[in-house]
Amino acid sequence: MILTTLALTALLPANGRTQAGKYKTLGYRSCGTGQNACHVSDGDWWRSDPHFKTISDLKRKQQRSMQIAQTYGMKAGDYLLGGSRCGDCHGEVVSGRESRAMNTGVSCESCHGPSGPNGAGYFEVHQEGARSKDPLDVSRSGYQKALKVGLVELRKVAIRAGTCVRCHQISEKKLLEAGHPTGEGFDYLGGIKKDISKHWDYAIRPTDIDQAPFAAAVQRKPIPAFTLKITNSPAVSGMRPAVVVRDTVVIYKNRNLPAWLNPNNSTTLESFDPRLSHDAPVDSILQEIKRYIEYVHQCINDNR
Ligand code: HEC
Ligand code: HEC
Ligand code: HEC
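The model shown is predicted, which means the values in this text are computed figures rather than measured ones.

Q: I'd like a rundown of the site of ligand 2, residues and numbers included.
A: As a structural note, the neighbourhood of ligand 2 is formed by 18 residues, with His-51, Cys-164, Cys-167, His-168 and Asp-195 the closest of them. In the model, a nitrogen atom of ligand 2 is placed 2.8 Å from a nitrogen or oxygen of the His-168 side chain. Mapped by element, the contributors of at least two residues to the shell around ligand 2 are helix H4 (87-90), helix H5 (108-112), helix H7 (157-168) and helix H9 (188-194). Among the elements that line the shell around ligand 2, the one with the most residues is H7, at 5 residues. Residue composition of the shell around ligand 2, by class: 9 nonpolar, 7 polar and 2 charged.

Q: Quick rundown of the packing of H7 against helix H10 (residues 212-220)? Include the residues and the values.
A: Contact geometry of H7 with H10 gives a least axis separation of 8 Å together with a crossing angle of 50°. Considering the angle they form, H7 stands oblique to H10. The handedness of the crossing between H7 and H10 is right-handed. Here Val-157, Ala-158, Ala-161, Gly-162 and Val-165 of H7 come into contact with H10, specifically with Pro-213, Phe-214, Ala-217 and Val-218. Split by residue class, the contact of H7 with H10 holds 8 nonpolar, 1 polar and no charged.

Q: Describe helix H3 (residues 62-72), and please don't skip the residues or the numbers.
A: When H3 is considered as a whole, its buried residues turn out to be Ser-65, Gln-67, Ile-68, Ala-69, Thr-71 and Tyr-72. Gly-73 lies just past H3 and shows a positive phi near 110°.

Q: Hey, could you go over the site of ligand 3 for me, with residue numbers and the actual values?
A: Around ligand 3, the surrounding shell holds 19 residues, and the nearest of these are Cys-108, Cys-111, His-112, His-199 and Tyr-202. Within the side chain of Arg-155, one N or O atom sits 2.7 Å away from an oxygen atom of ligand 3. Among the elements of the structure, helix H1 (40-46) and H5 are those that each provide at least two residues to the shell around ligand 3. Grouping the amino acids of the shell around ligand 3 by side-chain chemistry returns 9 nonpolar, 6 polar and 4 charged.

Q: Give me the lowdown on the coordination of the iron atom of ligand 2, citing residues and values where you can.
A: For a metal with four tetrahedral donors the ideal donor-metal-donor angle is 109.5 degrees, whereas six octahedral donors ideally subtend 90 or 180 degrees. For the iron atom of ligand 2, the protein coordination sphere consists of His-51 (NE2) and His-168 (NE2), at 2.0 Å. Here His-168 falls in the partly exposed class, since its relative accessible area comes to 31%.

Calculation criteria
- All residue numbers refer to positions counted from 1 along the written sequence of the respective chain.
- Each chain takes a letter, starting from A, and each ligand takes a number, starting from 1, following the order in which they are written.
- Side-chain atom pairs in this predicted model are given and counted only at pLDDT of 80 or more, local residue features only at pLDDT of at least 70, and totals for whole chains, interfaces and linings cover all residues.
- Side-chain descriptors were evaluated using all non-hydrogen atoms of the structure, hydrogens and water having been removed beforehand.
- By convention in this text, a residue qualifies as near a molecule or strand provided that one of its non-hydrogen atoms is within 4 Å of it.
- Side-chain atoms alone can form a polar contact between residues adjacent in sequence; in general such a contact is a pair of N or O atoms within 3.5 Å, and within protein one must be able to donate a hydrogen while the other accepts it.
- Secondary structure elements follow DSSP: runs of H or I no shorter than four residues count as helices, runs of E no shorter than two count as strands, and numbering proceeds from the N terminus.
- Here the term charged refers only to Asp, Glu, Lys and Arg, the term nonpolar to Ala, Val, Leu, Ile, Met, Phe, Trp, Tyr, Cys and Pro, and the term polar to all other amino acids, Gly among them.
- Note on method: axes are straight lines fitted to C-alpha atoms, helices fitted across the in-contact stretch only, with angles between N-to-C directions ranging 0 to 180 degrees.
- The scheme is simple: roughly parallel for angles under 35 degrees, roughly antiparallel for over 145, roughly perpendicular for 65 to 115, oblique for anything else.
- In this scheme, a crossing is called left-handed if the near helix is turned counterclockwise away from the far one by less than a right angle; it is called right-handed if the turn is clockwise.
- In this description, contact between two residues means that some pair of their heavy atoms is separated by no more than 4.5 Å.
- The classification of residues rests on relative accessible area computed with a 1.4 Å probe and restricted to protein chains. Under 20% of the type maximum is buried, over 50% is exposed, and intermediate values are partly exposed.
- Donor criterion used throughout: N, O or S atom within 2.8 Å of the metal, extended to 3.2 Å for Na, K and Ca. Water excluded; incomplete-looking sites may result.

Right, here's the structure in full:
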């Protein structure tokens, strides 16, 4: 049996990580989300949104994560650190704690922008002024001042689309060559409709479900051509490779089994080589496995 695994094909420039900006993340607790009178319902929504679970998802996919991290050139276990490249997209960490594990999944400040530091970010100013009865009214002084000190203007659909694309379109060659999915199948409009708009105070408008701003943002962050090289030596020792390809499967006659269960001759089957890309959805993987099992049954029947 030959084990195949992904290996890094080329030395690549440093990752596309942005410099830590002048604004600091204070963490979801600072937004209220249950502790005080602020953003209670937003917090309730968030706990049911896919972004709340991005850390537990990553932990569930530990083996895959460690393999990507190590092939990427990091210490495998560091993938959970807030200051790691993985932390840029998979979760949130309170500023100053980058050397520790991410605190939460993708959170309020991941999309709306870091709200600190105290006195200099938007945290204080964004609370200023009474809210209008009309949720679409953006004239409140606190909102306008906040936009000048780091609040992301997500009301503008182009900025909103760019925010989703920042994480959901993976354009870093080195990361892709480490076996990370591209994010190409990302359903932007579905995400807005089914998930994100649940915490808005206004009903979705036609402009909110316009694909054009997303298409434009994707254009600005193209996925580079990249190669995945298959080698026979596992890149990460002691860890199972991402794809296991059995060279040949041979079914031998088993004398302990009744005749009707035995093939007449030993049968050499075609190897199980589904040729799926690394971001193939589980459904297609299961389809391939099903197809192969059917093929095995076919061969057994033919040889009876
Ligand atoms: C630019 C943002 C970004 C960065 C950086 C990033 N990821 Fe991801 N990652 C995503 C997104 C978005 C998805 C979901 C993509 C999809 O399903 O197509 C994802 C999916 C994954 C998955 C699930 C893959 C699967 O087959 O189910 C793993 C594991 C993963 N990332 C690990 C990592 C690790 C480890 C790092 C750091 C070395 C990292 N990611 C860095 C955005 C990112
Ligand atoms: C800070 C990074 C980040 C930002 C910004 C972000 N997401 Fe995500 N999102 C993720 C990660 C990471 C996952 C989990 C991917 C996984 O493990 O499969 C995710 C999951 C999702 C999912 C669940 C299904 C899927 O495709 O994996 C939807 C839907 C989604 N995001 C929509 C959006 C939309 C819409 C926006 C913009 C308003 C957005 N996201 C902004 C990082 C981000
Ligand atoms: C995945 C990205 C994402 C996450 C995570 C997120 N938001 Fe939002 N949020 C948006 C978008 C996009 C809008 C629409 C912006 C607009 O219309 O001004 C929005 C709108 C809002 C609004 C304005 C609602 C309205 O109707 O005017 C508030 C308040 C808000 N978010 C608070 C929060 C809080 C608090 C959290 C964390 C518990 C959070 N958001 C998490 C993307 C996000």
